[in-house]
Each structure stands twice: as structure tokens, then as C-alpha cells.
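Fold and contact review
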Amino acid sequence: MKIVIRSAAIIFSLLLTACGGKEEKKKDDFNINREKTKTEKPAETAPTTSAVPASKRIDLENKGVGPVTSVTLAPDIDQALAKKGEEVYTQMCLACHKTDKKFIGPAPTGILKRRSPEWVMNMILNPEVMIKEDPLAKELMAEFNGAPMANQGLTEDQARSVLEFFRTLE
């Protein structure tokens, strides 16, 4: 038994000696200096930068890219349609968009003062293509940390009801 304890103690002390106390010495005669090279994106894919963030910029002329080319809004809000839109928004959009503050995506409050109804509907219906082809959508994605809007698979009628709900958030 004494031999086993002595052997274990010797092995343990050899392991400690072999593993500890070793310092790497820096050699002064060998240095590598690397410079990080900056690669620029092609001009067509780089979003335009502006002093005003994309989420605050007003662009009522841009209709976006997608199936919606024209939307006529009645002077009065259709409350029944807005109610349906609120239900769709709560179910499909609320995870990323808070109505009155910036979250994962921009807040929809006052969106129709900054964007055309067609642009809003195309963004709801066709976010992948909008992010690829619409300069404003590209800038919004960059502003919101590169988080692209997910396509929720809404119908045009559902998107129109969400748009009507947005009118109530003015």
C-alpha cells in the first residue's frame, strides 16, 4: 500500500512539474505585420446613406416592387376592415413590430405619412423582393441590424386590412 501511495505521489509531482512553469518567450527577430484590407461593396448594392434614418424619411412617391400598383383610400377609415387588420397584425406582425416604438422592425404608427399605401402593401406582401430591389427597403434593413422582414404569406385582402389598421395609428 505504501508503494502505491509513493508511486502516485511521484507521478503527481512529475505531472505538476511537466505542466507548470513553462513560459513562452517572445522572439524579437520574427514579426508579422498584417494590414486589414477594406473591401468595398459595388455601388448598386450599397444602400444610400442619408442624415435622416430610413425609418424617419418621407418618401410618398415610391410604390415599391410587387403586385400592388394602385391603392385608393377612402376619406373615412373603414372600421370593420381596420378591426380585421388589427387581428391580422396582432397575430402575424406583433412579434417584430410594436405599434408605437422601434423594435426588431419599425413602428407602423404614422407610416402613411412617410410611405405610399402601395409601398406598405408591397412590403407586407413581397418583403424578399422589396429588400433586394427597393433602395428604401434595403436602407431599412440596414438600419434595423440586417434583420429582414419575414414573409407571412398574407393575402392581398389581409394586407389591405392591415393597411386600414395602420390608418388608425396616425
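Just so it is clear, the structure is predicted and the values come from calculations on it, not from any experiment.

Here we come to the layout of surface pockets. Estimated volume of the largest pocket: approximately 600 Å³. Taken together, 31 residues make up the lining of the largest pocket; nearest its centre are His97, Gly105, Pro106, Met123 and Met149. Contributions of two or more residues to the lining of the largest pocket are made by helix 2 (79–92), helix 3 (111–114), helix 4 (117–125), helix 6 (135–143) and helix 7 (156–168). The greatest single-element share of the lining of the largest pocket, amounting to four residues, is contributed by helix 4. Grouping the amino acids of the lining of the largest pocket by side-chain chemistry returns 25 nonpolar, four polar and two charged.

The end-to-end C-alpha distance of helix 7, which contains 13 residues, comes to 19 Å, matching closely the 18 Å that a straight helix rising 1.5 Å per residue would cover. Of all the residues in helix 7, the buried ones are Ala159, Arg160, Ser161, Val162, Leu163, Glu164, Phe165, Phe166 and Arg167. Where helix 7 is buried, its residues touch helix 2, helix 3 and helix 4.

Okay, the environment of Leu154 next. Looking at the secondary structure, you find Leu154 in the loop between helix 6 and helix 7. A relative accessible area of 12% means that Leu154 is categorised as buried. For the pair Leu154 and Asn126, spaced 28 residues apart in sequence, the C-alpha separation works out to 9.5 Å. Excluding anything up to four places from it in sequence, Leu154 contacts Val88, Met92, Ile124 and Leu125.

Next up on the list: the pattern of salt bridges. Evaluated as defined, the whole model comprises four salt bridges. A salt bridge links Arg160 to Glu164; the shortest N-O distance between them is 2.7 Å. Within this pair, Arg160 and its partner Glu164 are both found in helix 7, separated by four residues, close to a single helical turn. With respect to class, Arg160 is no different from Glu164; both count as buried. Arg167 is the partner of Glu164 in a salt bridge, and the nearest nitrogen-oxygen pair spans 3.1 Å. Pair noted here: Glu164 and Arg167 are both in helix 7, with a separation of three residues, about one helical turn. Neither Glu164 nor Arg167 differs from the other in exposure class; each is buried. If you follow the salt bridges from partner to partner, you end up with Arg160, Glu164 and Arg167 in one network.

Cut-offs used in this document
Residues numbered from 1 in each chain as written. Predicted model: local features only at pLDDT ≥ 70, side-chain atom pairs only at ≥ 80, totals over all residues. Heavy atoms only, no water. 1 Å grid on protein atoms, 1.4 Å probe; cavity = no way out; pocket = protein on both sides within 12 Å on 5 of 7 lines; lining within 4 Å. Points joined across faces, edges and corners; volume = space filled by probe spheres on them. Helix = DSSP H or I, 4+ residues; strand = E, 2+ residues; numbered from the N terminus. Nonpolar A, V, L, I, M, F, W, Y, C, P; charged D, E, K, R; others polar. Expected span 1.5 Å × (residues − 1). Buried < 20%, exposed > 50% of the residue type's maximum accessible area, 1.4 Å probe, protein only. Contact = heavy atoms within 4.5 Å. Salt bridge = Lys/Arg side-chain N within 4 Å of Asp/Glu carboxyl O.

On their own, these measurements won't tell you what the molecule is for.
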